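Now for the letters of each chain:
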Amino acid sequence: MLVLGIESSCDETGIALYDSEAGLLSHALHSQVAMHAEYGGVVPELASRDHIRRVVPLLREAMARGQRTFDDIDAVAYTRGPGLAGALLVGCAFAEALAVALDKPTIPVHHLEGHLLSPLLSSDPPSFPFVGLLVSGGHTQLMRVTAVGEYELLGETLDDAAGEAFDKSAKMLGLPYPGGALLSKLAEQGDPAKYTLPRPMLHSGDLSFSFSGLKTAVLTLVREQGETLSDEFRADAARAFQEAIVEVLVKKSLKAMKQTGLKQLVVAGGVGANRQLRATLDDEARRKKFRVYYPELEFCTDNGAMIALAGCLRLLSGAPSKPAGSFAIQPRWPLMDISSHGA
Ligand code: KG4
Ligand code: ZN
């Protein structure tokens, strides 16, 4: 079965071809990061317009690289939500129109399901069940993933997402948007002993997170410095922030492993690319005898491959596709709503 996948929920346009037998055949991606950087964050209207410009050339690229024709496609999967309404509408309308033209069904996909299943694209994939730590720009959640479509929320952030905290702290340290990856580079030169920032909810006894206080602590530290921030201060502050957030993410993940008794942890979403987070989790996994799986780096952030994969796995697991032509996006959409575990 050959599934075309289309992602357009935020600031990346991604298109991919996934074959149930051969795996990922091709994927093409355009990131709008440079366009939004000028404004210090994603501008929704610009995002929608850029998706419109990119979607046809990316489709051509994915089809050519995958060496398949439109006739070979069995279904068209696309991100239905959550995300920016205008951006979602572009991918959704394009996918539905294409499917009508091809006389094939569509599979509306939950963006976070794509992230959660993305490690299955790697050559050494996890097997079900596993604990999923989803750490993206918009979400921070711990989930029990029993099978495709069976997700149980174990805990989530009460305010900012981990990626959002990275990006906002990076901005305070004078880094351009989106600063998460740049902050983590800067942190590598910082002294971990120079400043200690709070570890919010570390001892809350549950699997909830909260990162807005940590962000405020970075702001306080920055304000204490006065007008100009030295390179040394910026590196030390970045390190202090990263030490705090990584400790919270790791400790809560360990608690989720203990609570569920599972032996596999999957880390998905953009923050999963963070090197300190990976190194610390790998150390703990060795000590506590469980395995950690990450998506390939190129599939940590938004992409079409994870949407094509999730669409294909949903079809294979018996979830219904739908006739093309009618559509609705869902900008706000809890993952639990698609789970057989229910909300
Ligand atoms: O999953 P993703 O592409 O977007 C959402 O679906 O929200 O994740 C993007 C987030 C951004 O906040 C970005 O700063 C963060 O992931 N990120 C990182 C790193 N690379 C990307 N955060 C920390 N360390 C990194 N190396
Ligand atoms: Zn995402």
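Refer to the structure presented above.
Residues numbered from 1 in each chain as written. Chains lettered and ligands numbered in written order. Predicted model: local features only at pLDDT ≥ 70, side-chain atom pairs only at ≥ 80, totals over all residues. Heavy atoms only, no water.

What to know about the overall build of the protein chain
Piece 1. Looking only at helices and strands, one finds 10 helices and 10 strands in the protein chain.
Piece 2. In terms of overall dimensions, the protein chain is globule-like: its C-alpha atoms have a radius of gyration of 20 Å, near the 20 Å expected for 343 residues.
Piece 3. Over its C-alpha atoms, taken along the principal directions, the protein chain stretches across nearly 60 × 45 × 35 Å.
Piece 4. A total of 343 residues make up the protein chain; the buried ones form 55% of that total. (Helix = DSSP H or I, 4+ residues; strand = E, 2+ residues; numbered from the N terminus. Rg over C-alpha atoms; globule rule 2.2 N^0.38 Å. Buried < 20%, exposed > 50% of the residue type's maximum accessible area, 1.4 Å probe, protein only.)

With respect to the site of ligand 1
Piece 1. Surrounding ligand 1, one finds 19 residues, the nearest of these being G137, D167, G270, N274 and D302.
Piece 2. At 2.8 Å from an oxygen atom of ligand 1 is found a main-chain nitrogen or oxygen belonging to G137.
Piece 3. A distance of 3.2 Å separates an oxygen atom of ligand 1 from a polar atom in the backbone of G163.
Piece 4. Mapped onto the shell around ligand 1, the elements with two or more residues apiece are helix 4 (111–117), helix 5 (162–172) and helix 6 (180–187).
Piece 5. Its residues placed into classes, the shell around ligand 1 shows five nonpolar, 12 polar and two charged. (Near = heavy atom within 4 Å. Polar contact = N/O pair within 3.5 Å; in protein donor to acceptor, adjacent residues only side chain to side chain. Nonpolar A, V, L, I, M, F, W, Y, C, P; charged D, E, K, R; others polar.)

Comments concerning the packing of aromatic side chains
Piece 1. Under the criterion given, the structure shown has four aromatic pairs.
Piece 2. Judged by centre distance (5.0 Å) and plane angle (85°), the rings of F166 and F241 are edge-to-face. On the criterion of sequence distance, the pair formed by F166 in helix 5 and F241 in helix 8 (residues 231–260) is long-range, its members being 75 residues apart. In this pair, the class of F166 matches that of F241, namely buried.
Piece 3. The ring of W333 has R80 sitting right over it, with the charged end atom 5.5 Å from the ring centre. (Phe/Tyr/Trp six-rings, centres within 6.5 Å; stacked < 30°, edge-to-face > 60°. Lys NZ or Arg CZ within 6 Å of the ring centre and 35° of its normal.)

Looking at the coordination of the zinc ion (ligand 2)
Piece 1. Taken together, the protein donors to the zinc ion (ligand 2) comprise H111 (NE2), H115 (NE2) and D302 (OD), at separations of 2.0 to 2.1 Å.
Piece 2. Bound by four donor atoms, the zinc ion (ligand 2) shows angles of 94 to 136° at the metal and therefore irregular coordination geometry.
Piece 3. Going along the chain, you hit the donors of the zinc ion (ligand 2) in the pattern H-x3-H-x186-D. Taken as a pair, H111 and H115 lie in helix 4 at a separation of four residues, close to a single helical turn.
Piece 4. Accessibility expressed as a relative area gives 7% for H111, which makes it buried. (Donors = N, O, S within 2.8 Å, 3.2 Å for Na, K, Ca; no water. Tetrahedral: all angles 85-135°; square planar, octahedral: opposite > 155°, others 65-115°.)

A few points about the sheet that holds strand 8 (residues 150–156)
Piece 1. Strand order in the open sheet formed by five strands is 8-7-6-9-10, and the pairing between neighbours is mixed. Looking at the sheet topology across the chains shown, the edges are occupied by strand 8 and strand 10 (291–293). Averaged over all neighbouring strand pairs, the angle between strand axes comes to 25°, with direction disregarded.
Piece 2. The pairing of strand 6 (residues 130–135) with strand 9 (residues 264–268) spans four bridges and is parallel. Its bridge partner lying in strand 9, V131 is registered against L265.
Piece 3. Its contacts with the sheet place helix 8 against strand 6, strand 7 (140–147), strand 8 and strand 9, and it is angled at close to 155° to strand 6. (Pairing = 2+ DSSP bridges. Axes fitted to C-alpha atoms, helices over the stretch in contact; angles between N-to-C directions. Contact = heavy atoms within 4.5 Å.)

Things to note about helix 2 (residues 44–66)
Along an α-helix, residues three or four apart share an orientation, since each turn contains 3.6 residues.
Piece 1. Between its first and last C-alpha atoms helix 2 spans 31 Å; for 23 residues at 1.5 Å apiece the expected length is 33 Å, and the two agree.
Piece 2. Largest kink in helix 2: about 35°, centred on R54, with the proline P57 one to four residues after it.
Piece 3. Along helix 2, the residues that are buried comprise A47, S48, D50, H51, V55, L58, L59, A62, M63 and G66.
Piece 4. On its buried face, helix 2 is in contact with strand 1 (2–7), strand 2 (12–19), strand 3 (23–31), helix 1 (33–37) and helix 3 (85–102).
Piece 5. Looking one or two residues past helix 2, Q67 carries a phi angle of roughly 55°, positive in sign. (Expected span 1.5 Å × (residues − 1). Bend = angle between axes of the 7 residues up to and from the residue.)

A word on the environment of A75
Piece 1. Residue position: A75 is located in strand 4 (residues 75–81).
Piece 2. Residue class for A75 comes out buried when judged on its relative accessible area of 0%.
Piece 3. Residues A75 and L315 lie 240 residues apart in sequence; the distance between their C-alpha atoms is 9.1 Å.
Piece 4. Among all residues touching A75, those that are not within four sequence positions of it are L2, V3, L4, P105, I107 and L315.

Some words on the sheet that holds strand 1
Piece 1. Taken together, the five strands give an open sheet; going across it, the order is 3-2-1-4-5, and neighbouring strands pair in mixed fashion. Both edges of this open sheet fall to strand 3 and strand 5 (106–110), since each of them pairs with a single strand only. Strand-to-strand twist across the sheet, computed as the mean angle between neighbouring axes with direction ignored, equals 20°.
Piece 2. Across eight bridges, strand 2 lies against strand 3 in antiparallel orientation. Looking across to strand 3, one finds that E12 is bridged to S31.
Piece 3. The strands touched by helix 2 are strand 1, strand 2 and strand 3; relative to strand 3, the strand with the most contacts, the crossing angle is about 150°.
Piece 4. Set on the sheet, helix 3 makes contact with strand 1, strand 4 and strand 5; between it and strand 4 the angle comes to about 160°.

Some points on the nonpolar core
Piece 1. In terms of nonpolar packing, the biggest core is built from 50 residues, with L197, F211, F241, I245, L249, L265 and V267 touching the most fellow members.
Piece 2. Broken down by secondary-structure element, the contributors of at least two residues to this core are strand 6, helix 5, helix 6, helix 7 (212–224), helix 8, strand 9 and helix 9 (275–288).
Piece 3. Top element by residues in this core is helix 8. It accounts for 15 residues.
Piece 4. Ignoring sequence-local partners within four residues, the contact set of F241 consists of A165, F166, S169, L183, L197, L214 and V218. (Core = buried A, V, L, I, M, F, W, Y, C linked by side-chain atoms within 4.5 Å.)

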